[in-house]
Amino acid sequence: MDLTFTEQETAFRDELRAWLSENDPGEPPQTGDDGSYGWRRDFQRRLADAGWAAVHWPVEFGGRGATLTESAIFFEELARARAPLPANVLGLLLAGPTIMIWGAEEQKDRFLAPIVTAEEIWCQGFSEPEAGSDLASLKTRAVKHDGEWVVTGQKVWTSGAQHSKWCMLVARTDAEAPKHKGLTYFLMDMEQDAVQVRPLRQITGEAEFNELFIEEARIPDENVLGGVGNGWKVALTTLMNERAGLAFFLHVRLRQVLDELIVEASERGLLEDPIVADRLGELHAKAEILRLTAYRGLTAIEKYGQPGPEGSLTKWMWSDTNQQLTQFAADLLGPEALDTGSRWSYELLRARGNSIEGGTTEVLKNIVAERVLGLPKAR
Ligand SMILES: Cc1cc2nc3c(=O)[nH]c(=O)nc-3n(C[C@H](O)[C@H](O)[C@H](O)COP(=O)(O)OP(=O)(O)OC[C@H]3O[C@@H](n4cnc5c(N)ncnc54)[C@H](O)[C@@H]3O)c2cc1C
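Residues numbered from 1 in each chain as written. Predicted model: local features only at pLDDT ≥ 70, side-chain atom pairs only at ≥ 80, totals over all residues. Heavy atoms only, no water.

### Quick notes on the site of the ligand
Okay, step 1: Contacts to the ligand come from 17 residues, most closely from Ser 133, Trp 157, Ser 159, Thr 360 and Glu 362.
Okay, step 2: Ser 159 has a polar side-chain atom sitting 2.7 Å from a nitrogen atom of the ligand.
Okay, step 3: A distance of 2.6 Å separates an oxygen atom of the ligand from a polar side-chain atom of Thr 360.
Okay, step 4: Across the complex, the protein chains shield 68% of the 970 Å² of accessible surface that the ligand would expose by itself.
Okay, step 5: Tallying contributions element by element places helix α11 (residues 361–372) first for the shell around the ligand, with 3 residues.
Okay, step 6: Residues belonging to the shell around the ligand are distributed by class as follows: 5 nonpolar, 9 polar and 3 charged. (Near = heavy atom within 4 Å. Polar contact = N/O pair within 3.5 Å; in protein donor to acceptor, adjacent residues only side chain to side chain. Areas by Shrake-Rupley, 256 points an atom, 1.4 Å probe, with all protein chains shown as cover. Helix = DSSP H or I, 4+ residues; strand = E, 2+ residues; numbered from the N terminus. Nonpolar A, V, L, I, M, F, W, Y, C, P; charged D, E, K, R; others polar.)

### Here we look at the pairing of strand β4 (residues 166–172)
Okay, step 1: Here β4 lies mainly inside the structure; 7 of its 7 residues are buried.
Okay, step 2: Burial of the side chains of β4 extends over both faces: Trp 166, Met 168, Val 170 and Arg 172 are buried on one face and Cys 167, Leu 169 and Ala 171 on the other.
Okay, step 3: The pairing of strand β1 (residues 122–125) with β4 spans 4 bridges and is parallel. Bridge pairing in β4 places Cys 123 opposite Cys 167. (Buried < 20%, exposed > 50% of the residue type's maximum accessible area, 1.4 Å probe, protein only. Pairing = 2+ DSSP bridges.)

### Description of the packing of helix α7 (residues 247–267) against helix α10 (residues 343–351)
Okay, step 1: At their nearest, the axes of α7 and α10 sit 13 Å apart, and the two run at 135 degrees to each other. When the axes of α7 and α10 are compared, the pair comes out oblique. In this structure, α7 meets α10 at a crossing whose hand is left-handed. Together, Val 257, Glu 260, Leu 261 and Glu 264 of α7 and Arg 343, Trp 344 and Glu 347 of α10 make up the contact between the two elements.
Okay, step 2: Of the residues in the contact of α7 with α10, the class split is 3 nonpolar, no polar and 4 charged. (Axes fitted to C-alpha atoms, helices over the stretch in contact; angles between N-to-C directions. Parallel < 35°, antiparallel > 145°, perpendicular 65-115°, else oblique. Left-handed = near helix turned anticlockwise from the far one by under 90°. Contact = heavy atoms within 4.5 Å.)

### Concerning the pairing of strand β2 (residues 141–145)
Okay, step 1: Pairing geometry for β2 and strand β3 (residues 148–156), over 5 bridges, is antiparallel. Bridging from a neighbouring strand, Arg 141 pairs with Thr 152 of β3.
Okay, step 2: Taking the residues that link successive antiparallel strands as the turn, the β2-β3 hairpin has 2 residues, and the phi of Asp 146 there is positive, at about 50 degrees.

### Some remarks on the packing of aromatic side chains
Okay, step 1: Following the criterion strictly, the structure yields 10 aromatic pairs and no others.
Okay, step 2: Taking the centre distance of 5.7 Å and the plane angle of 80 degrees together, the rings of Phe 111 and Trp 122 count as edge-to-face. Placement of the pair is Phe 111 in helix α5 (residues 105–116) and Trp 122 in strand β1, with a sequence separation of 11 residues.
Okay, step 3: Taking relative accessible area as the criterion, Trp 122 reaches 2% and is therefore assigned buried.
Okay, step 4: An angle of 75 degrees between the planes, with centres 5.0 Å apart, marks the rings of Phe 248 and Tyr 295 as edge-to-face. Here Phe 248 is found in helix α7, whereas its partner Tyr 295 is found in helix α8 (residues 274–304), with 47 residues between them in sequence. No difference in accessibility class separates Phe 248 from Tyr 295, as the two residues are buried.
Okay, step 5: An aromatic cluster of at least three residues, connected via ring pairs, comprises Phe 111, Trp 122 and Trp 166.
Okay, step 6: The ring of Trp 52 carries the charged tip of Arg 64 above its face, separated from the ring centre by 3.6 Å. (Phe/Tyr/Trp six-rings, centres within 6.5 Å; stacked < 30°, edge-to-face > 60°. Lys NZ or Arg CZ within 6 Å of the ring centre and 35° of its normal.)

### Concerning a nonpolar patch on the surface
Okay, step 1: Residues Val 372, Leu 373 and Leu 375 make up a contiguous nonpolar surface patch of roughly 270 Å² in combined accessible area.
Okay, step 2: You can see Val 372 is positioned in helix α11. (Patch = residues over 30% accessible without salt bridge, like charges linked within 9 Å, V, L, I, M, F, W, Y side chains within 5 Å. Salt bridge = Lys/Arg side-chain N within 4 Å of Asp/Glu carboxyl O.)

### Looking at helix α4 (residues 89–102)
Okay, step 1: The terminal C-alpha atoms of α4, which comprises 14 residues, lie 19 Å apart, in line with the 20 Å expected from a rise of 1.5 Å per residue.
Okay, step 2: Burial analysis of α4 places 11 of its 14 residues in the buried class, which makes it a mostly covered element. (Expected span 1.5 Å × (residues − 1).)

### Section: the packing of helix α3 (residues 68–80) against α7
Okay, step 1: Closest axis-to-axis distance for the α3/α7 pair is 7 Å, and the angle between their directions is 30 degrees. Taken together, the axes of α3 and α7 are roughly parallel relative to one another. In this structure, α3 crosses over α7, and the sense of that crossing is right-handed. Note on element contacts: α7 touches α3 through Phe 248, Phe 249, His 251, Val 252, Arg 253 and Gln 256, opposite Ala 72, Phe 75, Glu 76, Leu 78, Ala 79 and Arg 80.
Okay, step 2: Residue composition of the contact of α3 with α7, grouped by class: 7 nonpolar, 2 polar and 3 charged.

Structure below.
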(Lines give C-alpha, C1' and ligand atoms only; values in the text may rest on other atoms or scores of the structure.)
Protein backbone atom coordinates (compact mmCIF):
# COMPACT_ATOMS: atom_id res chain seq x y z
CA MET A 1 0.00 0.00 0.00
CA ASP A 2 1.11 3.58 -0.71
CA LEU A 3 1.71 5.38 2.59
CA THR A 4 1.94 8.86 1.07
CA PHE A 5 -1.07 10.97 2.04
CA THR A 6 -3.19 12.43 -0.75
CA GLU A 7 -3.86 16.19 -0.84
CA GLN A 8 -7.25 15.56 0.75
CA GLU A 9 -5.75 13.48 3.56
CA THR A 10 -3.05 16.08 4.23
CA ALA A 11 -5.72 18.81 4.38
CA PHE A 12 -7.76 16.66 6.79
CA ARG A 13 -4.71 16.14 9.03
CA ASP A 14 -3.77 19.84 9.00
CA GLU A 15 -7.30 20.95 9.86
CA LEU A 16 -7.43 18.49 12.74
CA ARG A 17 -3.96 19.46 13.98
CA ALA A 18 -4.99 23.12 14.00
CA TRP A 19 -8.16 22.28 15.94
CA LEU A 20 -6.27 20.17 18.47
CA SER A 21 -3.68 22.87 19.06
CA GLU A 22 -6.44 25.39 19.77
CA ASN A 23 -8.36 22.92 21.93
CA ASP A 24 -5.63 21.37 24.05
CA PRO A 25 -7.40 19.26 26.70
CA GLY A 26 -4.47 19.81 29.09
CA GLU A 27 -3.43 17.35 31.78
CA PRO A 28 -5.99 14.99 33.33
CA PRO A 29 -7.22 16.30 36.72
CA GLN A 30 -5.74 14.52 39.75
CA THR A 31 -9.15 14.09 41.33
CA GLY A 32 -9.62 10.35 41.01
CA ASP A 33 -11.58 8.24 38.54
CA ASP A 34 -14.63 10.51 38.34
CA GLY A 35 -12.58 13.67 37.71
CA SER A 36 -10.59 12.06 34.95
CA TYR A 37 -13.76 10.64 33.43
CA GLY A 38 -15.49 14.05 33.49
CA TRP A 39 -12.47 15.54 31.74
CA ARG A 40 -12.73 12.95 28.94
CA ARG A 41 -16.48 13.55 28.64
CA ASP A 42 -15.97 17.31 28.32
CA PHE A 43 -13.34 16.73 25.70
CA GLN A 44 -15.72 14.52 23.68
CA ARG A 45 -18.37 17.24 23.83
CA ARG A 46 -15.89 19.70 22.37
CA LEU A 47 -14.94 17.21 19.66
CA ALA A 48 -18.64 16.69 18.89
CA ASP A 49 -19.41 20.42 18.69
CA ALA A 50 -16.63 20.79 16.12
CA GLY A 51 -17.73 17.67 14.18
CA TRP A 52 -14.69 15.58 15.16
CA ALA A 53 -16.19 13.06 17.61
CA ALA A 54 -17.26 10.36 15.16
CA VAL A 55 -15.12 10.99 12.09
CA HIS A 56 -15.55 7.44 10.74
CA TRP A 57 -19.36 7.49 10.96
CA PRO A 58 -21.49 8.40 7.93
CA VAL A 59 -22.60 12.05 7.82
CA GLU A 60 -26.28 11.00 8.12
CA PHE A 61 -25.56 9.63 11.62
CA GLY A 62 -23.63 12.66 12.84
CA GLY A 63 -20.20 11.58 11.60
CA ARG A 64 -17.81 13.15 9.15
CA GLY A 65 -17.87 10.34 6.56
CA ALA A 66 -14.09 10.03 6.84
CA THR A 67 -12.27 7.44 4.75
CA LEU A 68 -10.41 4.64 6.50
CA THR A 69 -7.10 6.47 6.12
CA GLU A 70 -8.59 9.70 7.47
CA SER A 71 -9.97 7.79 10.42
CA ALA A 72 -6.49 6.34 11.04
CA ILE A 73 -5.07 9.88 10.83
CA PHE A 74 -7.66 11.02 13.38
CA PHE A 75 -6.54 8.48 16.00
CA GLU A 76 -2.85 9.11 15.29
CA GLU A 77 -3.26 12.87 15.69
CA LEU A 78 -5.33 12.49 18.85
CA ALA A 79 -2.53 10.45 20.42
CA ARG A 80 0.16 12.78 19.06
CA ALA A 81 -1.61 15.73 20.73
CA ARG A 82 -1.66 13.69 23.98
CA ALA A 83 -5.43 14.08 24.03
CA PRO A 84 -7.51 11.39 25.77
CA LEU A 85 -9.71 8.88 24.00
CA PRO A 86 -13.31 10.20 23.97
CA ALA A 87 -15.25 9.15 27.10
CA ASN A 88 -17.78 7.24 24.99
CA VAL A 89 -15.14 5.26 23.15
CA LEU A 90 -17.14 2.00 23.41
CA GLY A 91 -20.21 3.74 22.01
CA LEU A 92 -18.29 5.33 19.14
CA LEU A 93 -16.20 2.30 18.17
CA LEU A 94 -18.41 -0.64 19.14
CA ALA A 95 -22.09 0.10 19.85
CA GLY A 96 -22.56 2.69 17.07
CA PRO A 97 -21.08 0.64 14.21
CA THR A 98 -22.93 -2.50 15.43
CA ILE A 99 -26.26 -0.62 15.51
CA MET A 100 -25.56 0.80 12.03
CA ILE A 101 -25.13 -2.72 10.63
CA TRP A 102 -27.83 -4.60 12.54
CA GLY A 103 -30.24 -1.93 13.79
CA ALA A 104 -33.75 -1.17 12.58
CA GLU A 105 -34.32 2.43 11.42
CA GLU A 106 -36.01 3.34 14.72
CA GLN A 107 -33.01 2.01 16.66
CA LYS A 108 -30.59 4.05 14.57
CA ASP A 109 -32.76 7.15 15.11
CA ARG A 110 -33.00 6.55 18.84
CA PHE A 111 -29.47 5.50 19.79
CA LEU A 112 -26.83 6.93 17.47
CA ALA A 113 -26.98 10.71 18.00
CA PRO A 114 -26.52 10.66 21.83
CA ILE A 115 -23.44 8.45 21.39
CA VAL A 116 -21.68 11.16 19.39
CA THR A 117 -22.42 13.92 21.91
CA ALA A 118 -21.47 11.74 24.93
CA GLU A 119 -24.96 12.39 26.26
CA GLU A 120 -25.47 8.61 26.63
CA ILE A 121 -22.45 6.51 27.52
CA TRP A 122 -22.22 2.82 26.56
CA CYS A 123 -20.57 -0.23 28.08
CA GLN A 124 -20.03 -3.76 26.81
CA GLY A 125 -21.66 -6.53 28.85
CA PHE A 126 -20.15 -9.60 27.25
CA SER A 127 -17.75 -11.30 29.71
CA GLU A 128 -18.98 -13.33 32.67
CA PRO A 129 -17.15 -15.04 35.54
CA GLU A 130 -17.20 -18.30 33.57
CA ALA A 131 -17.35 -16.98 30.02
CA GLY A 132 -14.56 -14.77 28.69
CA SER A 133 -12.63 -16.17 25.74
CA ASP A 134 -15.37 -18.75 25.30
CA LEU A 135 -18.06 -16.09 25.16
CA ALA A 136 -20.69 -18.41 23.72
CA SER A 137 -20.84 -20.34 27.00
CA LEU A 138 -22.32 -17.34 28.85
CA LYS A 139 -25.13 -18.03 31.32
CA THR A 140 -26.98 -14.72 31.78
CA ARG A 141 -30.49 -15.55 30.63
CA ALA A 142 -33.32 -13.53 29.17
CA VAL A 143 -36.91 -14.79 29.21
CA LYS A 144 -39.78 -13.16 27.34
CA HIS A 145 -42.65 -12.19 29.59
CA ASP A 146 -45.62 -9.98 28.67
CA GLY A 147 -43.93 -8.45 25.62
CA GLU A 148 -40.66 -7.62 27.39
CA TRP A 149 -37.48 -9.50 28.29
CA VAL A 150 -36.61 -10.32 31.89
CA VAL A 151 -32.86 -10.69 32.37
CA THR A 152 -30.96 -12.35 35.24
CA GLY A 153 -27.25 -13.05 35.53
CA GLN A 154 -23.82 -11.65 36.22
CA LYS A 155 -21.28 -9.85 34.04
CA VAL A 156 -17.71 -8.96 34.92
CA TRP A 157 -14.91 -6.69 33.64
CA THR A 158 -17.55 -4.25 32.34
CA SER A 159 -15.45 -1.16 31.53
CA GLY A 160 -17.09 2.17 32.24
CA ALA A 161 -20.35 0.60 33.49
CA GLN A 162 -20.39 3.03 36.42
CA HIS A 163 -20.81 5.90 33.94
CA SER A 164 -23.07 4.18 31.42
CA LYS A 165 -26.66 4.69 30.42
CA TRP A 166 -26.71 1.73 27.99
CA CYS A 167 -25.15 -1.72 27.84
CA MET A 168 -24.47 -3.95 24.83
CA LEU A 169 -25.68 -7.11 26.53
CA VAL A 170 -25.46 -10.65 25.20
CA ALA A 171 -27.76 -13.12 26.97
CA ARG A 172 -29.03 -16.66 26.48
CA THR A 173 -32.59 -16.76 25.20
CA ASP A 174 -32.76 -20.45 24.26
CA ALA A 175 -31.16 -22.92 26.66
CA GLU A 176 -32.01 -25.87 24.37
CA ALA A 177 -30.27 -24.54 21.22
CA PRO A 178 -26.57 -25.20 20.45
CA LYS A 179 -24.56 -22.67 22.49
CA HIS A 180 -23.76 -20.23 19.63
CA LYS A 181 -27.37 -20.25 18.44
CA GLY A 182 -29.25 -19.59 21.69
CA LEU A 183 -27.92 -16.05 22.20
CA THR A 184 -29.54 -12.66 21.69
CA TYR A 185 -27.96 -9.17 21.66
CA PHE A 186 -29.83 -6.56 23.72
CA LEU A 187 -29.53 -2.82 24.26
CA MET A 188 -30.09 -2.70 28.02
CA ASP A 189 -30.92 0.42 30.01
CA MET A 190 -28.52 0.52 32.97
CA GLU A 191 -30.68 2.96 34.90
CA GLN A 192 -32.87 0.47 36.76
CA ASP A 193 -32.59 -0.94 40.28
CA ALA A 194 -32.36 -4.47 38.89
CA VAL A 195 -28.86 -3.64 37.56
CA GLN A 196 -26.25 -3.22 40.29
CA VAL A 197 -22.78 -1.98 39.32
CA ARG A 198 -19.83 -2.73 41.62
CA PRO A 199 -16.47 -1.22 40.62
CA LEU A 200 -13.39 -3.47 40.77
CA ARG A 201 -10.16 -1.79 41.86
CA GLN A 202 -7.17 -2.72 39.72
CA ILE A 203 -3.46 -3.11 40.51
CA THR A 204 -2.95 0.49 39.27
CA GLY A 205 -5.40 1.82 41.88
CA GLU A 206 -7.98 2.77 39.24
CA ALA A 207 -11.41 1.19 38.87
CA GLU A 208 -11.90 1.09 35.09
CA PHE A 209 -14.14 -1.94 35.11
CA ASN A 210 -16.95 -3.42 37.18
CA GLU A 211 -19.06 -6.38 38.10
CA LEU A 212 -22.71 -6.22 37.03
CA PHE A 213 -25.33 -8.03 39.05
CA ILE A 214 -28.55 -8.30 37.07
CA GLU A 215 -31.67 -9.47 38.89
CA GLU A 216 -34.80 -9.50 36.71
CA ALA A 217 -33.88 -6.42 34.69
CA ARG A 218 -36.44 -5.42 32.04
CA ILE A 219 -35.66 -4.86 28.38
CA PRO A 220 -38.43 -3.95 25.93
CA ASP A 221 -38.70 -6.13 22.83
CA GLU A 222 -37.74 -3.21 20.57
CA ASN A 223 -34.28 -3.22 22.17
CA VAL A 224 -33.32 -6.59 20.69
CA LEU A 225 -30.58 -5.92 18.12
CA GLY A 226 -30.34 -8.09 15.01
CA GLY A 227 -33.11 -10.58 15.90
CA VAL A 228 -33.75 -13.15 18.62
CA GLY A 229 -31.23 -16.03 18.46
CA ASN A 230 -28.83 -14.04 16.28
CA GLY A 231 -26.71 -12.66 19.15
CA TRP A 232 -23.52 -14.50 18.24
CA LYS A 233 -23.30 -12.91 14.78
CA VAL A 234 -24.12 -9.45 16.14
CA ALA A 235 -21.52 -9.85 18.91
CA LEU A 236 -18.87 -10.76 16.31
CA THR A 237 -19.48 -7.42 14.58
CA THR A 238 -18.76 -5.69 17.91
CA LEU A 239 -15.62 -7.78 18.55
CA MET A 240 -14.15 -7.19 15.08
CA ASN A 241 -14.58 -3.43 15.52
CA GLU A 242 -12.98 -3.61 18.98
CA ARG A 243 -9.75 -5.02 17.61
CA ALA A 244 -9.50 -2.78 14.56
CA GLY A 245 -10.38 0.67 15.85
CA LEU A 246 -7.69 1.55 18.33
CA ALA A 247 -4.55 0.34 16.56
CA PHE A 248 -3.62 3.81 15.29
CA PHE A 249 -4.05 5.48 18.67
CA LEU A 250 -2.10 2.75 20.43
CA HIS A 251 0.89 2.64 18.10
CA VAL A 252 1.47 6.39 18.53
CA ARG A 253 1.11 6.13 22.34
CA LEU A 254 3.62 3.28 22.36
CA ARG A 255 6.04 5.37 20.28
CA GLN A 256 5.71 8.27 22.74
CA VAL A 257 6.46 6.08 25.74
CA LEU A 258 9.47 4.62 23.91
CA ASP A 259 10.77 8.11 23.04
CA GLU A 260 10.43 9.14 26.69
CA LEU A 261 12.39 6.08 27.75
CA ILE A 262 15.14 6.92 25.23
CA VAL A 263 15.37 10.42 26.79
CA GLU A 264 15.60 8.88 30.29
CA ALA A 265 18.36 6.50 29.08
CA SER A 266 20.21 9.36 27.40
CA GLU A 267 20.08 11.52 30.55
CA ARG A 268 21.71 8.69 32.47
CA GLY A 269 24.43 8.26 29.80
CA LEU A 270 23.16 4.75 29.03
CA LEU A 271 22.79 5.01 25.27
CA GLU A 272 26.43 3.98 24.79
CA ASP A 273 25.76 0.74 26.65
CA PRO A 274 25.48 -1.88 23.86
CA ILE A 275 22.87 -3.92 25.73
CA VAL A 276 20.64 -0.89 26.30
CA ALA A 277 21.13 0.26 22.70
CA ASP A 278 20.27 -3.22 21.47
CA ARG A 279 17.04 -3.43 23.50
CA LEU A 280 15.96 0.08 22.49
CA GLY A 281 16.76 -0.70 18.83
CA GLU A 282 14.63 -3.82 18.99
CA LEU A 283 11.72 -1.90 20.53
CA HIS A 284 12.08 0.78 17.85
CA ALA A 285 11.88 -1.89 15.13
CA LYS A 286 8.81 -3.45 16.75
CA ALA A 287 7.07 -0.06 17.05
CA GLU A 288 7.66 0.54 13.33
CA ILE A 289 6.42 -2.94 12.38
CA LEU A 290 3.29 -2.26 14.43
CA ARG A 291 2.68 1.05 12.63
CA LEU A 292 3.10 -0.52 9.20
CA THR A 293 0.99 -3.58 10.07
CA ALA A 294 -1.80 -1.28 11.27
CA TYR A 295 -1.74 0.47 7.89
CA ARG A 296 -1.69 -2.87 6.09
CA GLY A 297 -4.83 -3.78 8.05
CA LEU A 298 -6.62 -0.91 6.31
CA THR A 299 -6.24 -2.74 3.02
CA ALA A 300 -8.01 -5.74 4.51
CA ILE A 301 -10.92 -3.57 5.66
CA GLU A 302 -11.18 -2.06 2.16
CA LYS A 303 -11.32 -5.60 0.77
CA TYR A 304 -13.96 -7.05 3.12
CA GLY A 305 -15.96 -3.89 3.88
CA GLN A 306 -15.54 -4.34 7.62
CA PRO A 307 -12.70 -5.23 10.00
CA GLY A 308 -11.41 -8.78 9.53
CA PRO A 309 -9.24 -11.14 11.59
CA GLU A 310 -6.08 -9.09 10.80
CA GLY A 311 -6.98 -6.75 13.69
CA SER A 312 -6.04 -9.64 15.99
CA LEU A 313 -2.45 -9.43 14.78
CA THR A 314 -1.95 -5.74 15.63
CA LYS A 315 -3.64 -6.18 19.01
CA TRP A 316 -1.29 -9.08 19.86
CA MET A 317 1.81 -7.23 18.60
CA TRP A 318 0.89 -4.07 20.51
CA SER A 319 0.29 -5.80 23.86
CA ASP A 320 3.49 -7.83 23.52
CA THR A 321 5.63 -4.79 22.65
CA ASN A 322 4.05 -2.56 25.30
CA GLN A 323 4.71 -5.14 27.99
CA GLN A 324 8.34 -5.56 26.85
CA LEU A 325 8.79 -1.79 26.76
CA THR A 326 7.41 -1.13 30.24
CA GLN A 327 9.36 -4.08 31.69
CA PHE A 328 12.54 -2.74 30.10
CA ALA A 329 11.82 0.71 31.58
CA ALA A 330 11.72 -0.91 35.02
CA ASP A 331 14.99 -2.80 34.32
CA LEU A 332 16.66 0.38 33.11
CA LEU A 333 15.47 2.87 35.71
CA GLY A 334 15.67 0.55 38.68
CA PRO A 335 13.69 1.02 41.88
CA GLU A 336 12.57 4.56 41.00
CA ALA A 337 10.44 3.05 38.20
CA LEU A 338 8.62 1.08 40.86
CA ASP A 339 7.76 3.96 43.24
CA THR A 340 4.05 3.91 44.00
CA GLY A 341 2.26 6.51 41.93
CA SER A 342 5.21 7.14 39.59
CA ARG A 343 4.60 7.49 35.89
CA TRP A 344 6.65 4.38 35.05
CA SER A 345 5.13 2.17 37.70
CA TYR A 346 1.70 3.05 36.31
CA GLU A 347 2.79 2.14 32.77
CA LEU A 348 4.29 -1.15 33.97
CA LEU A 349 1.25 -2.18 36.01
CA ARG A 350 -1.37 -1.09 33.46
CA ALA A 351 0.41 -3.00 30.70
CA ARG A 352 -0.28 -6.30 32.55
CA GLY A 353 -3.89 -6.21 31.38
CA ASN A 354 -2.98 -5.53 27.73
CA SER A 355 -2.64 -9.22 26.89
CA ILE A 356 -6.10 -9.94 28.39
CA GLU A 357 -8.36 -7.00 27.42
CA GLY A 358 -9.99 -7.13 23.99
CA GLY A 359 -9.11 -10.84 23.61
CA THR A 360 -6.20 -12.69 25.25
CA THR A 361 -2.96 -13.16 23.36
CA GLU A 362 -3.44 -16.94 23.22
CA VAL A 363 -6.87 -16.56 21.65
CA LEU A 364 -5.61 -13.94 19.18
CA LYS A 365 -2.80 -16.28 18.16
CA ASN A 366 -5.40 -18.97 17.44
CA ILE A 367 -7.35 -16.52 15.25
CA VAL A 368 -4.23 -15.45 13.35
CA ALA A 369 -3.17 -19.08 12.87
CA GLU A 370 -6.54 -20.29 11.64
CA ARG A 371 -8.04 -17.31 9.86
CA VAL A 372 -5.07 -15.29 8.61
CA LEU A 373 -2.49 -18.03 7.97
CA GLY A 374 -5.07 -20.71 7.14
CA LEU A 375 -3.46 -23.32 9.42
CA PRO A 376 -5.56 -26.32 10.45
CA LYS A 377 -7.72 -25.91 13.57
CA ALA A 378 -6.16 -27.19 16.79
CA ARG A 379 -9.40 -28.92 17.78
C1 LIG B 1 -8.72 -3.88 31.22
C2 LIG B 1 -9.80 -4.82 30.79
C3 LIG B 1 -11.01 -4.32 30.34
C4 LIG B 1 -12.04 -5.19 29.93
N5 LIG B 1 -13.24 -4.65 29.54
C6 LIG B 1 -14.26 -5.47 29.20
C7 LIG B 1 -15.55 -4.94 28.87
O8 LIG B 1 -15.75 -3.71 28.88
N9 LIG B 1 -16.55 -5.79 28.59
C10 LIG B 1 -16.37 -7.15 28.58
O11 LIG B 1 -17.33 -7.86 28.28
N12 LIG B 1 -15.17 -7.69 28.89
C13 LIG B 1 -14.11 -6.88 29.20
N14 LIG B 1 -12.89 -7.42 29.55
C15 LIG B 1 -12.78 -8.86 29.65
C16 LIG B 1 -11.94 -9.56 28.61
O17 LIG B 1 -12.56 -9.50 27.35
C18 LIG B 1 -11.74 -10.99 29.11
O19 LIG B 1 -10.95 -10.92 30.27
C20 LIG B 1 -11.06 -11.87 28.09
O21 LIG B 1 -11.94 -12.13 27.03
C22 LIG B 1 -10.57 -13.19 28.71
O23 LIG B 1 -11.60 -13.83 29.39
P24 LIG B 1 -11.39 -14.43 30.86
O25 LIG B 1 -10.82 -13.33 31.70
O26 LIG B 1 -12.65 -15.06 31.29
O27 LIG B 1 -10.24 -15.51 30.72
P28 LIG B 1 -10.40 -17.04 30.17
O29 LIG B 1 -11.16 -17.02 28.89
O30 LIG B 1 -10.93 -17.84 31.31
O31 LIG B 1 -8.90 -17.40 29.90
C32 LIG B 1 -7.99 -17.83 30.92
C33 LIG B 1 -6.68 -18.21 30.26
O34 LIG B 1 -6.89 -19.32 29.32
C35 LIG B 1 -6.42 -18.96 28.02
N36 LIG B 1 -7.33 -19.53 26.99
C37 LIG B 1 -8.68 -19.48 26.98
N38 LIG B 1 -9.17 -20.08 25.87
C39 LIG B 1 -8.09 -20.51 25.15
C40 LIG B 1 -7.94 -21.21 23.91
N41 LIG B 1 -9.00 -21.57 23.17
N42 LIG B 1 -6.69 -21.48 23.48
C43 LIG B 1 -5.59 -21.10 24.23
N44 LIG B 1 -5.69 -20.46 25.43
C45 LIG B 1 -6.91 -20.16 25.88
C46 LIG B 1 -6.48 -17.45 27.99
O47 LIG B 1 -5.59 -16.92 27.02
C48 LIG B 1 -6.09 -17.09 29.42
O49 LIG B 1 -4.70 -17.09 29.54
C50 LIG B 1 -11.84 -6.59 29.97
C51 LIG B 1 -10.61 -7.09 30.41
C52 LIG B 1 -9.60 -6.23 30.84
C53 LIG B 1 -8.29 -6.81 31.31
